[in-house]
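Summary of structural features
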Amino acid sequence: MAHELLKGKKGIIFGALDEKSIAWKTALECHAAGAQLVLTNAPVALRMGEINKLAEQVGAPVIGADVVNMDDLKKLFEGAMEHFGGKIDFILHSIGMSLNVRKGRHYTEMDYGFNQKTLDISAMSLHRVLKTAWEMDALNEWGSVVALTYIAAQRVFPDYNEMADAKALLESVTRSFGYHYGVRNKVRVNSISQSPTRTTAGSGVKGFDGFISYAEKMSPLGNASADDCARYCVTMFSDLTRMVTMQNLFHDGGFSFTGVTQAVIEQMEKQ
Ligand SMILES: NC(=O)c1ccc[n+]([C@@H]2O[C@H](COP(=O)([O-])OP(=O)(O)OC[C@H]3O[C@@H](n4cnc5c(N)ncnc54)[C@H](O)[C@@H]3O)[C@@H](O)[C@H]2O)c1
């Protein structure tokens, strides 16, 4: 898109696994909007090698970091600031992983060891990233941090399993750290609650096909795509949204505030 909303801004993008990833699309949009980037993902994801294609497209270095390893995070921020020759303006946290889902455990049969890892990787990782940036004073004033979340934090979607709890915690960290970072450095922290989207993480949810077409029918505008989400992230990183912080922002074509739609009524009447 021909605009320069992020001209002169520098950002770190977590979580681009392959070209379906929301983080991948966001990196492309940020680059098109004039930003300079550093890409990062877990070492195991980097071994797939896909991210190198993106790195070439957006002219960004890739610095590996397991988001639950504080040494990795410190090295990532040091490397990014060295690359940029200064502080950072924005961060995309686009990370999710559920061990209980992966191991096929029902919510009622949760393994608590797996659960702790899920909460750490999918939610407390935002705290870890923010704490690292906070201690290193790595973010510029009016910097913007966005984490991706899902409406299962507010309403029950049974097959979303323990990730619902992880997202509720993620949104809470967004508010709590957002407060402190706002007061100290005018840094803003928000979450974007995205429609179901066909990605590697998304497709891990049981019954995903039914789930995504239900959401499509229940959203006046239809489901928001990964590309739409990427563009929304650009606005959140830009100076146009400077006074928005500590919010959970629904980006779902209206799903979150819809009780029922004509399309769903017609579907029910057919049965
Ligand atoms: N796809 C959807 O339906 C949907 C809907 C709403 C919100 N989200 C959220 O969007 C975000 C991005 O997911 P996506 O759908 O693009 O899927 P994705 O699978 O492409 O991205 C998930 C990323 O998390 C990374 N990750 C996992 N463990 C990590 C670790 N220990 N350290 C660093 N990175 C790690 C993975 O390598 C991967 O790049 C997630 O937070 C997800 O919950 C997705």
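In the block above lies the structure referred to throughout.
Structural notes, computed from the coordinates. Values in this document were obtained by computation on a predicted structure and should not be read as measured data. (Residues numbered from 1 in each chain as written. Predicted model: local features only at pLDDT ≥ 70, side-chain atom pairs only at ≥ 80, totals over all residues.)

Comments concerning the overall build of the protein
Along its length, the protein carries 11 helices and six strands. Here the C-alpha atoms of the protein give a radius of gyration of 18 Å, agreeing with the 18 Å that 2.2 N^0.38 yields for 271 residues. Its C-alpha atoms give the protein principal-axis dimensions of about 60 × 45 × 40 Å. Per-residue burial over the protein gives 44% buried out of 271 residues. Of all intrachain contacts in the protein linking residues separated by at least 6 positions in sequence, the fraction that spans at least 24 positions is 73%. (Helix = DSSP H or I, 4+ residues; strand = E, 2+ residues; numbered from the N terminus. Rg over C-alpha atoms; globule rule 2.2 N^0.38 Å. Buried ≥ 20, exposed ≤ 12 C-beta atoms within 10 Å, placed from the backbone. Contact = placed C-beta atoms within 7 Å.)

Regarding the site of the ligand
In the region of the ligand, 26 residues are neighbours, and Ser21, Gly96, Thr199, Ala201 and Gly202 sit closest. Looking at the shell around the ligand, the elements with two or more residues in it are helix H1 (22–32), strand S4 (139–149) and helix H8 (200–203). Considering each element in turn, the shell around the ligand owes the most residues, three residues, to H8. Each residue belonging to the shell around the ligand can be placed in one class, and the counts come to 14 nonpolar, 11 polar and one charged. (Near = placed C-beta within 6 Å. Nonpolar A, V, L, I, M, F, W, Y, C, P; charged D, E, K, R; others polar.)

Brief notes about helix H6 (residues 112–136)
An α-helix turns once every 3.6 residues. As a result, residues three or four positions apart point the same way. Along its length, H6 shows its largest kink, about 55 degrees, at methionine 124. In the core, the buried residues of H6 are packed alongside helix H4 (70–84), strand S3 (88–93), helix H5 (99–102), S4, helix H7 (163–185) and strand S5 (188–194). Of the residues trailing H6, aspartate 137 is marked for its positive phi of about 45 degrees. (Bend = angle between axes of the 7 residues up to and from the residue.)

Let's talk about the packing of H1 against helix H3 (residues 51–58)
Direction vectors running N to C along H1 and H3 enclose 10 degrees, while the axes themselves pass 10 Å from each other. Between H1 and H3, the interaxial angle falls into the category roughly parallel. Across the interface between the two elements, Trp24, Ala27, Leu28 and His31 from H1 touch Leu54, Gln57 and Val58 from H3. Considering only residue class, the contact of H1 with H3 consists of five nonpolar, two polar and no charged. (Axes fitted to C-alpha atoms, helices over the stretch in contact; angles between N-to-C directions. Parallel < 35°, antiparallel > 145°, perpendicular 65-115°, else oblique.)

Some points on the sheet that holds strand S1 (residues 10–14)
The strand order S2-S1-S3-S4-S5-S6 describes an open sheet built from six strands, whose pairing is parallel. Strands at the two margins of the open sheet, each flanked by one partner only, are strand S2 (36–40) and strand S6 (248–251). When the angles between neighbouring strand axes are averaged without regard to direction, this sheet yields 20 degrees. Where S5 lies against S6, four bridges are found, and the strand directions are parallel. Among the inter-strand pairings, isoleucine 192 is bridged to a residue of S6, identified as leucine 249. (Pairing = 2+ DSSP bridges.)

Let's talk about helix H10 (residues 226–237)
Across its 12 residues, H10 extends 16 Å between first and last C-alpha, which sits within 8% of the 16 Å expected from 1.5 Å per residue. Those residues of H10 not exposed but buried are Ala226, Asp228, Cys229, Ala230, Cys233, Val234, Met236 and Phe237. Against the buried residues of H10 lie S1, H1, S3, S4, S5 and S6. (Expected span 1.5 Å × (residues − 1).)

Here's the deal with the nonpolar core
Counting 68 residues, the largest nonpolar core has Ile13, Ala16, Ala27, Leu37, Leu39 and Cys233 as its most contacted members. In contact with leucine 37, other than residues within four places in its own chain, are Gly11, Ile13, Ala27, Cys30, His31, Val58 and Ala60. (Core = buried A, V, L, I, M, F, W, Y, C linked by C-beta atoms within 7 Å.)

A look at unusual backbone geometry
Positive phi, normally seen in glycine, also occurs at tryptophan 142, with a value near 65 degrees. Among the secondary structure elements, tryptophan 142 is positioned in strand S4. On the basis of neighbour count, tryptophan 142 is assigned to the partly exposed category, with 14 C-beta atoms found within 10 Å. Phi angles above zero are rare outside glycine, and methionine 246 is one such case at about 65 degrees. Inspection of the secondary structure puts methionine 246 in the loop between H10 and S6.

A few points about the pairing of S5
Burial runs high along S5: seven of the seven residues are buried. Of the two faces of S5, the one lined by Arg188, Asn190, Ile192 and Gln194 and the one lined by Val189, Ser191 and Ser193 are each fully buried. A crossover connection joins S4 to the parallel S5 through H7; in handedness this β-α-β unit is right-handed. (Right-handed = clockwise from strand over helix to strand, strands pointing away.)

Let's talk about the environment of valine 145
Examined against the element boundaries, valine 145 turns out to sit in strand S4. In this structure, valine 145 is in contact with Phe90, Ile91, His93, Leu130, Val187 and Val189, ignoring residues within four places of it in sequence.

Here we look at the packing of H1 against H10
Running from amino to carboxyl end, H1 crosses H10 at an angle of 55 degrees, the nearest separation of the two axes being 8 Å. Between H1 and H10, the crossing angle belongs to the class labelled oblique. Taken as a pair, H1 and H10 cross one another with a handedness that is right-handed. Residue-level contacts link Ile22, Lys25, Thr26, Leu28, Glu29 and Cys30 of H1 to Ala226, Asp227, Cys229, Ala230, Arg231, Cys233, Val234 and Phe237 of H10. (Left-handed = near helix turned anticlockwise from the far one by under 90°.)

So far we have only geometry, and geometry alone does not tell us how the molecule works.
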